[in-house]
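Next come the chains, spelled out residue by residue.
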Amino acid sequence: MSDPLLLSPITLRGLTLRNRIVVSPMCQYASKDGAPTDWHLVHLGKFALGGAGIVFCEETAVEERGRKTYGCAGIYDDRHIPAYRRITDFIRSHGASPAIQLGHAGRKASCGPPWTNFRPLTEEDAAAGMTPWRGVSASEIPAKPGALTPIQLDEAGIEEVIGSWRTAAQRSIDAGFEICEIHGAHGYLIQQFLSPLSNTRTDAWGGSLENRMRLALRISEEIRAVWPEDKPVFFRVSAVDGTGGAWDMDDTVALSKALQARGIDVVTCSSGGINGPLNMAVVPRVPGYQVPYAERVRREANIATCAVGLITEPRHAEEILHAGQADLIALAREVMVDPNWPVRAGRELGKEDYLDVLPPDYAWWLRRREEIRRISNV
Ligand SMILES: Cc1cc2nc3c(=O)[nH]c(=O)nc-3n(C[C@H](O)[C@H](O)[C@H](O)COP(=O)(O)O)c2cc1C
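What you are looking at is a predicted structure, and each value in this text was computed from that prediction instead of being measured.

S.K.: Whenever I open this one, the overall build of the chain confuses me. Can you help?
M.R.: Within the chain one finds 13 helices and 13 strands. Its C-alpha atoms give the chain a radius of gyration of 21 Å, near enough to 21 Å, the size a compact globule of 378 residues would have. For the chain, with 378 residues in total, the buried portion stands at 57%. A fraction of 71% describes how many contacts in the chain between residues 6 or more apart in sequence connect residues 24 or more apart. Here the chain has roughly 15700 Å² of accessible surface; of this, 52% comes from carbon and sulfur atoms.

And the structure:
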């Protein structure tokens with residue numbers, strides 16, 4: 001009997017993954033001056049032990065001012081490299097591929113963590129050592145009421161930001177990452193240039209779709225140029241804006257075609273992050289709610305896709321792959337519940353040697369338990 005697709009290897013460029021299960025990036029707000037800590041080693045390490053094919057580190061800022069909070073991860077300084085190297089070595093030594101998601105918060109900078117509802121930092125926070133700072137963006141439009149007005153990047157500023165992405169990618173290679181995802185979603189800097197709601201520029205970086213895509217494509221070109229030829233680059237899109245938004249699936253297909261032409265290997269289809277006054281409805285949060293985006297991008301832009309968003313059941317994941325809707329399946333919250341989800345998937349999908357994905361230190365005992373159960377017929 002052949003293995004379920006979900007649990008079978010896939011090769012992207014020269015990189016073969018042991019299965020198609022991706023641990024999606026999850027910000028932890030536990031970094032110190034941008035560097036990951038022991039928390040990250042344990043948090044990410046357990047997903048590698050649990051059998052995932054790819055383990056993504058959280059969104060990692062390419063510039064210090066591109067962090068959302070003081071606890072956000074960054075790779076904007078060479079001194080960050082060794083701390084990531086420790087984590088990537090561990091992930092790889094347990095059979096998973098270490099991946100980094102590079103990002104820049106743009107105007108969404110200078111906030112408290114999610115449990116404060118990303119409350120903009122104030123002068124009171126400054127007294128506690130967390131001085132607010134102005135983010136940068138396409139235009140001088142704050143992310144939300146009460147947030148600081150961002151600094152509109154001029155031409156030189158845009159080139160500086162693009163250079164930071166390139167340098168951060170080079171550091172990521174030195175830190176041992178095998179996959180790089182460009183975070184172009186969730187209302188952060190790249191999406192702030194993409195969406196006409198946050199980008200009201202009249203120069204070469206605003207206006208037409210082509211101009212608004214320019215930053216996303218320039219960054220993609222820079223990263224593809226430095227990322228090893230035999231290793232894949234992903235790009236995460238918000239396939240559609242949030243409530244009242246403007247960016248839609250036709251735009252996403254156009255962007256994905258342009259990304260494909262520039263050597264991007266996988267588009268991860270998420271949604272939301274920029275809201276506005278128009279008629280776009282919120283995407284209903286049903287299981288697999290973003291899968292149709294991954295399917296359409298895959299079909300129309302001829303590029304591999306990663307589906308994410310309320311995929312919790314192995315059978316559902318397997319169906320998505322079989323139906324040709326996506327090539328990879330990413331999970332975030334469900335792996336917090338069960339970091340060994342790939343084992344559960346193997347068992348439920350009837351993979352014969354489903355315990356093999358675990359380290360021998362665990363698998364030997366569990367195989368023995370299975371054998372005892374089989375013999376005792378329980
Ligand atoms: C704690 C947490 C942190 C997240 N941080 C990131 C992030 O750094 N980058 C990103 O693109 N998405 C982030 N997300 C979104 C997830 O990657 C994922 O797209 C989303 O949670 C939907 O998948 P799920 O239903 O499997 O959780 C985060 C989600 C959670 C729960």
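S.K.: What is the right way to look at the site of the ligand in this model?
M.R.: Surveying the vicinity of the ligand reveals 16 residues, the closest of which are Ser24, Cys27, Gln101, Leu310 and Arg333. Within the side chain of Arg333, an N or O atom sits 2.7 Å from an oxygen atom of the ligand. Tallied by class, the residues present in the shell around the ligand amount to eight nonpolar, five polar and three charged.

S.K.: Can you help me understand the packing of aromatic side chains in this one?
M.R.: Each pair of aromatic rings is reported with the distance of its centres and the angle of its planes. Throughout the structure, instances matching the rule amount to six aromatic pairs. Seen from their ring centres, Phe56 and Phe234 are 6.0 Å apart, and the 65° between their planes marks the pair as edge-to-face. Highlighted residues: Phe56 in strand E4 (residues 54-61) and Phe234 in strand E10 (residues 233-238), separated in sequence by 178 residues. Judged on exposure class, the residue Phe56 and its partner Phe234 are both buried.

S.K.: Would you explain the nonpolar core in this entry?
M.R.: One broad trend across soluble globular proteins is that nonpolar side chains are buried collectively. Counting residues in hydrophobic clusters, the biggest one holds 82 residues, and the most contacted among them are Leu6, Leu102 and Leu255. Sequence-distant contacts of Leu6, defined by excluding residues within four places in its chain, comprise Asn19, Arg20, Ile21, Pro314, Ala317, Glu318, Leu321, Ile329, Trp341, Ala345 and Leu349. Grouped together as the second largest cluster of nonpolar side chains are 16 residues, Leu12, Leu15, Ala99 and Cys306 included.

S.K.: Can you walk me through the packing of helix H10 (residues 314-322) against helix H12 (residues 341-348) in this structure?
M.R.: The packing of two helices is summarised by the inter-axis angle and the distance between the axes. At a minimum axis separation of 9 Å, H10 and H12 run at an interaxial angle of 80°. The angle between H10 and H12 places the two elements in the roughly perpendicular class. Between H10 and H12, the contacting residues are Pro314, Arg315 and Ala317 on the first element and Trp341, Arg344, Ala345 and Glu348 on the second. By residue class, the composition of the contact of H10 with H12 is four nonpolar, no polar and three charged.

S.K.: Honestly, the layout of surface pockets in this entry has me stumped. Any pointers?
M.R.: The method is simple in principle: a probe with the dimensions of a water molecule rolls over the atoms, and the space it marks as empty is what remains. When its volume is computed, the second largest pocket comes out at roughly 160 Å³. Around the second largest pocket, the lining residues are Asp3, Leu7, Arg18, Asn19, Pro342, Gly346, Lys351, Asp353, Tyr354, Asp356 and Val357. Partitioned by chemical class, the residues of the lining of the second largest pocket number four nonpolar, two polar and five charged.

S.K.: Explanation requested: helix H9 (residues 291-301) in the structure shown.
M.R.: Those residues of H9 that sit buried are Val291, Tyr293, Ala294, Val297 and Ala301. On an axial view of H9, the arc spanned by its buried residues comes to 160°, and they lie on one face. Along its buried surface, H9 packs onto helix H8 (249-261), strand E11 (266-270), strand E12 (304-308) and H10. Backbone geometry just downstream of H9 places Asn302 in the positive-phi region, at approximately 55°.

S.K.: Explain the pairing of E12 to me, please; I cannot follow it from the model alone.
M.R.: Every regular strand shows the same layout, with side chains that alternate between the two sheet faces. Within E12, five of the five residues are buried, which leaves the element mostly enclosed by the surrounding structure. Alternating positions in E12 separate into two faces, Ala304, Cys306 and Val308 on one and Thr305 and Ala307 on the other, with burial throughout. In this structure, E11 lies alongside E12, joined through four bridges in parallel fashion. Bridge pairing links Thr268 to Cys306 in E12. Taking the sense of rotation as the criterion, the β-α-β connection linking E11, H9 and E12 turns out right-handed. With three bridges connecting them, E12 and strand E13 (residues 328-331) associate as parallel partners. What sits directly across from Val308, in E13, is Ala330.

S.K.: In this structure, what is going on with the packing of helix H7 (residues 214-226) against H8? I would like to understand it.
M.R.: The interhelical angle for the contact between H7 and H8, taken along N-to-C directions, is 25°, at an axis separation of 10 Å. Comparing the axis directions of H7 and H8 gives the class roughly parallel. Seen along the crossing, H7 lies across H8 with a hand that is right-handed. Contacts between H7 and H8 involve Ala216, Leu217 and Ser220 on the former and, on the latter, Leu255, Ala258 and Leu259.

Conventions and cut-offs
- Residues numbered from 1 in each chain as written.
- Predicted model: local features only at pLDDT ≥ 70, side-chain atom pairs only at ≥ 80, totals over all residues.
- Heavy atoms only, no water.
- Helix = DSSP H or I, 4+ residues; strand = E, 2+ residues; numbered from the N terminus.
- Rg over C-alpha atoms; globule rule 2.2 N^0.38 Å.
- Buried < 20%, exposed > 50% of the residue type's maximum accessible area, 1.4 Å probe, protein only.
- Contact = heavy atoms within 4.5 Å.
- Areas by Shrake-Rupley, 256 points an atom, 1.4 Å probe, with all protein chains shown as cover.
- Near = heavy atom within 4 Å.
- Polar contact = N/O pair within 3.5 Å; in protein donor to acceptor, adjacent residues only side chain to side chain.
- Nonpolar A, V, L, I, M, F, W, Y, C, P; charged D, E, K, R; others polar.
- Phe/Tyr/Trp six-rings, centres within 6.5 Å; stacked < 30°, edge-to-face > 60°.
- Core = buried A, V, L, I, M, F, W, Y, C linked by side-chain atoms within 4.5 Å.
- Axes fitted to C-alpha atoms, helices over the stretch in contact; angles between N-to-C directions.
- Parallel < 35°, antiparallel > 145°, perpendicular 65-115°, else oblique.
- 1 Å grid on protein atoms, 1.4 Å probe; cavity = no way out; pocket = protein on both sides within 12 Å on 5 of 7 lines; lining within 4 Å.
- Points joined across faces, edges and corners; volume = space filled by probe spheres on them.
- Arc of directions from axis to C-beta.
- Pairing = 2+ DSSP bridges.
- Right-handed = clockwise from strand over helix to strand, strands pointing away.
- Left-handed = near helix turned anticlockwise from the far one by under 90°.

Taken by themselves, the reported measurements are silent on function.
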